[in-house]
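Examination of the molecular architecture
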Amino acid sequence: MFYCARGTAMAEGITGAVEVIESSTNSKATDATGQSTSSKTNTFFQRYQMFYADTLFPYVNLRAGGSFDKTLTVTKDQSGETRSTDTNYMPSIDLTLNNPFVSSGAGYRKREEKVETSGGTPATNIMESKNAFLGLRPEGLPTLDMQVTRMHIYDKMHESSDTENDSFSGATRYTPVKNLDLAYSFTSNDSNNRIIGVELDAVTQNERAAYTTRFLDNRVVFSANYNGTQSTQETQSGGTGNVNFQLFPFSGLSDISDTPTIEVLSPNPALIDGNLTATGGVNIGQIVFPDTRRRNIGLDFVNATEVNTLDVFVDQSMPAGFATTNFAWDIYISSDNQTWTLQQLNATATFD
């Protein structure tokens, strides 16, 4: 069953929209012994949006508003009824000035997500973003573009996450004489994890000069280019924090088997290529049917290597508590990819 309703309203400078979707899914599975299991899931989604836009003065524009959405999911099966609610509140405001000489502005955005599940503790995560920018286009002089952003990600109680990130970027470009192009850019990023007491400061500078000219009715072209880059990174740790260093394995490994202690895993380069959007070919989402065999993923470092953190990226969001309820992770080690020894049973994995 599927029901959807949408509506949009407009007034002078004000726009609003309402979206309501209701769906129902029934599933039934029968195993080889003839035993059947069934479940029913009802989902109700509602979203409300309202924005105000106006020109306050010539070249000065204001846009403010917000969005609110809520998803209620109710699942019923042999074990009983499970309810989960995902609520999002997203206000924003932007003030901009644009004319042929200068462009500038400032903005604020917030996203507050509250997740509630049956029998679980409600979790509220917040992301706040503040930004300002300035651009200058003086005739015959160097251009200038600057932008500063502060992002704060934290949970409501400041217990599991509390990270501030400040970034600044600036760039200038100048053509003092014909055919000569000069450019310079500067970026800095300061990250402060208040929970574990780790600060990361990174600075990158880039210079570029290019000259091109033509002779003899464009039969001869002369060009010269210079590019210079300087990058520095500083990490500070205090309190209970640790400084993490990324390791680079020789190859990624994967296989599907219920006998991980004697399984030879096959090479899987997609697991370590750094691409977090393309699939690695390993589906960990088939929990009930048709295939419940274990998914095995691994790393080959060639030589014995100490590892204390493993990051697994998935292509779908996992609500708070879902990963620990529906997935169990066991850690094995091997020196030859033939005989594996259990290192840790039921390791905890936390997904955002």
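Just so it is clear, the structure is predicted and the values come from calculations on it, not from any experiment.

Conventions and cut-offs
- Positions within a chain are numbered from 1, following the residues in the order the chain's sequence is written.
- Side-chain atom pairs in this predicted model are given and counted only at pLDDT of 80 or more, local residue features only at pLDDT of at least 70, and totals for whole chains, interfaces and linings cover all residues.
- Values shown for side chains rest on all heavy atoms present in the structure; no hydrogens or waters enter the calculation.
- Segments assigned H or I by DSSP are reported as helices when at least four residues long, segments assigned E as strands when at least two residues long, and all are numbered from the N terminus.
- Throughout, radius of gyration means the C-alpha value; the globule benchmark is 2.2 Å times the number of residues raised to the power 0.38.
- With a 1.4 Å probe rolled over the protein chains alone, any residue whose accessible area is under 20% of its type maximum counts as buried; one over 50% counts as exposed, and the rest are partly exposed.
- In this description, strands pair whenever DSSP reports at least two bridges between them.
- For this analysis, a polar contact is any N or O atom pair within 3.5 Å, provided that within protein one partner can donate a hydrogen and the other can accept it, and provided that sequence-adjacent residues contribute only side-chain to side-chain pairs.
- Here, residues are in contact when the closest pair of their heavy atoms is within 4.5 Å.
- Any Phe, Tyr or Trp ring, taking Trp's six-membered ring, that has another such ring centre within 6.5 Å forms a pair; planes under 30 degrees apart are called stacked, those over 60 apart edge-to-face, and the others tilted.
- A ring is scored as having a charge over it whenever the NZ atom of a lysine or the CZ atom of an arginine sits within 6 Å of its centre and within 35 degrees of its normal.
- Salt bridge, as used here, is a side-chain nitrogen of Lys or Arg placed within 4 Å of a carboxyl oxygen of Asp or Glu.
- A patch consists of residues whose relative accessible area exceeds 30% and which take part in no salt bridge; residues with like charges are grouped when within 9 Å of each other, and nonpolar side chains (Val, Leu, Ile, Met, Phe, Trp, Tyr) when within 5 Å.
- All accessibility values rest on the Shrake-Rupley procedure with a 1.4 Å probe; residue burial counts only the protein chains present in the view.

**Some details on the overall build of the chain**
The helix and strand inventory of the chain stands at 1 helix and 17 strands. Taken over the C-alpha trace, the chain has a radius of gyration of 28 Å; the compact-globule value for 352 residues is 20 Å, which it surpasses by more than 25%. In terms of overall dimensions, the chain has a C-alpha envelope of 85 × 65 × 50 Å along the principal axes. Counting every position in the chain, which comprises 352 residues, the buried fraction comes to 20%.

**Regarding the sheet that holds strand 14 (residues 266-267)**
What the 3 strands build is an open sheet, ordered 14-13-15; its pairing is antiparallel. Sheet topology places strand 14 and strand 15 (295-300) at the edges, where each strand pairs with a single neighbour. Where strand 13 (residues 251-256) and strand 15 come together, 6 bridges link them in antiparallel fashion. Bridged to Ser 251 within strand 15 is Asp 300.

**Some thoughts on the side chain of Glu 164**
Within the secondary structure, Glu 164 sits in strand 9 (residues 162-174). On the basis of relative accessible area, Glu 164 is assigned to the buried category, the value being 14%. In this structure the side chain of Glu 164 is engaged in a polar contact, spanning 3.0 Å, whose partner is the side chain of Arg 194. When near neighbours in sequence (up to four residues on either side) are disregarded, Glu 164 contacts Arg 150, Met 151, His 152, Asp 190, Ser 191, Asn 192 and Arg 194.

**With respect to the packing of aromatic side chains**
This model, assessed by the stated rule, comprises 3 aromatic pairs. With 6.4 Å between their ring centres and 25 degrees between their planes, Tyr 48 and Phe 68 make a pair best called stacked. Of this pair, Tyr 48 sits in strand 3 (residues 36-57) while Phe 68 sits in strand 4 (residues 60-77), and the two are 20 residues apart along the sequence. Of note, Arg 63 hangs over the ring of Phe 51, and the distance from its end group to the ring centre comes to 4.5 Å.

**Section: the pairing of strand 8 (residues 143-155)**
Across 12 bridges, the pairing between strand 7 (residues 123-136) and strand 8 is antiparallel. Its bridge partner lying in strand 8, Ile 126 is registered against Tyr 154. Joining the antiparallel neighbours strand 7 and strand 8 is a turn of 6 residues, in which Gly 140 adopts a positive phi near 80 degrees. Across 12 bridges, the pairing between strand 8 and strand 9 is antiparallel. Paired with Tyr 154 across the strands is Asp 162, a residue of strand 9.

**Section: the pattern of salt bridges**
Any two side chains of opposite charge can pair, so long as their charged atoms come close to each other. A complete count under the given rule lists 12 salt bridges for this structure. Its salt-bridge partner being Asp 166, residue Arg 150 comes within 2.7 Å of it at the nearest N-O pair. With Arg 150 in strand 8 and Asp 166 in strand 9, the pair connects residues that are 16 residues apart, well separated along the chain. Overall, Arg 150 belongs to the partly exposed group, its relative accessible area being 38%.

**What about the environment of Asn 244?**
With respect to the helices, strands and loops of the structure, Asn 244 is situated in the loop between strand 12 (220-237) and strand 13. Taking the C-alpha atoms as reference points, Asn 244 and Ile 195, separated by 49 residues in sequence, lie 15 Å from one another.

**Points about a nonpolar patch on the surface**
On the surface, Leu 247, Leu 271, Ile 272, Ile 297, Leu 299, Val 307, Leu 310, Val 312 and Val 314 cluster together to form a nonpolar patch covering roughly 620 Å² of accessible area. Turning to its location among the elements, Val 312 is positioned in the loop between strand 15 and helix 1 (322-326). Using a relative accessible area of 32% as the deciding quantity, one classes Val 312 as partly exposed.

**As for the pairing of strand 7**
Examined bridge by bridge, strand 6 (residues 102-117) and strand 7 share 14 bridges and lie antiparallel to one another. Within strand 7, the position partnered with Glu 112 by the bridge is Ile 126. Between strand 6 and strand 7, which pair antiparallel in sequence order, lie 5 residues; one of them, Gly 119, sits at a positive phi of approximately 75 degrees.

**Points about unusual backbone geometry**
Phi is positive for Tyr 59, close to 75 degrees, though the residue is something other than glycine. Along the chain, Tyr 59 falls in the loop between strand 3 and strand 4. Of note, the phi angle at Asp 217 is positive, near 55 degrees, even though the residue is not glycine. Along the chain, the position of Asp 217 falls in the loop between strand 11 (198-215) and strand 12. Look at Asp 217 and you get exposed, because its relative accessible area is 68%.

**A short note on the environment of Thr 229**
Mapping Thr 229 onto the fold places it in strand 12. For Thr 229, a relative accessible area of 59% puts it in the exposed group. Residue contacts for Thr 229: discarding those within four places in its chain leaves Thr 204, Gln 205, Asn 206 and Glu 207. Side-chain polar atoms of Thr 229 contact the side chain of Asn 206, separated by 2.8 Å.

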